[in-house]
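Residue-level listing of the chains:
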Amino acid sequence: MDETEFWEIIDSTREAAEGDPEEHADLLVERLMRIDPDSVLDFARHFEARYNRAYRWDLWGAAAVLLGGASDDAFDYFRCWLIAQGREVFEGAVHDPDALAELLDDFDEELDGDGEELGYAADEAYEQLTGVVAPDLGLPPQPSEPAGTPFGFDDDTALAERFPALWERFGPV
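Throughout, residues of each chain are indexed from 1 in the direction in which the sequence is written. It should be noted that, the model being predicted, local features are given only for residues of pLDDT at least 70 and side-chain atom pairs only at 80 or more, the latter also being counted only at that level, while totals for whole chains, interfaces and linings use all residues. Values reported for side chains reflect all heavy atoms of the structure, with hydrogen atoms and water molecules removed beforehand.

(A) Fine view of the environment of glutamine 142. Its place among the elements puts glutamine 142 in the loop between helix H8 (121-130) and helix H9 (156-162). The rule is simple: take the accessible area with a 1.4 Å probe, protein chains only, and divide by the maximum for that residue type; under 20% is buried, over 50% is exposed, in between is partly exposed. Note on glutamine 142: relative accessible area 30%, which makes it partly exposed. On a C-alpha basis, the gap between glutamine 142 and glycine 115 in space is 18 Å, while along the polypeptide they are 27 residues apart. It only takes one pair of heavy atoms within 4.5 Å for two residues to be counted as in contact. Ignoring any residue separated from it by four or fewer positions in sequence, one finds glutamine 142 in contact with Tyr51, Asn52, Tyr55 and Arg79. Here a strand is any run of E in DSSP of at least two residues, a helix any run of H or I of at least four, and the numbering for each starts at the N terminus.

Structure, rendered in structure tokens:
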């Protein structure tokens, strides 16, 4: 599976789910179960590589603005959700997290930002197809610390300065 096919699967299942992350995860599992197990592992590698690439302090800060704070787990689930938004949103956010203010049509704290189940979709599909747990993907592990320069997410002034467009559009009222 190449990168284009990976993003096509992400996009088609997201559109069919009408943006609902849980429905998206269910549709993703169903879609992955229609391909061979090796391709499911390829999909998982593409997903995991992007998940690790998004492990950045600046993206964590953007998640904190959107979610009103972001614990370790919340940021993990946010990265899964971010991948599920498609190539343009994902790449734009990795390049410039403040660009999420322009890249996102809307953001509903109750529905958006938590893609936990999406992170398990390939594993679930592989296990259903083969009856065994997916093997190690052979990718380097996530770094112990996010890339970039750490900063405090509990300082509203710092968040507003670092992410002016995102803060203006999605920050606390």
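(B) Spatial organisation of the packing of aromatic side chains. Pairing of aromatic rings covers Phe, Tyr and Trp, the last through its six-membered ring, and needs centres within 6.5 Å; plane angles under 30 degrees mean stacked, over 60 mean edge-to-face, and all others mean tilted. Overall, the coordinates contain 15 aromatic pairs when judged by the stated rule. Seen from their ring centres, phenylalanine 6 and tryptophan 7 are 4.9 Å apart, and the 75 degrees between their planes marks the pair as edge-to-face. Judged on exposure class, the residue phenylalanine 6 and its partner tryptophan 7 are both buried. Site record: aromatic cluster; members linked through ring pairs are Tyr55, Trp57, Trp60, Phe75, Phe151, Phe153 and Phe163. We count a charge as sitting over a ring when the NZ of a lysine or the CZ of an arginine lies within 6 Å of the ring centre and within 35 degrees of the ring normal. It is arginine 79 that lies over the ring of tyrosine 51; its NZ or CZ is 3.8 Å from the centre.

Purely spatial values, then, with no claim about function.
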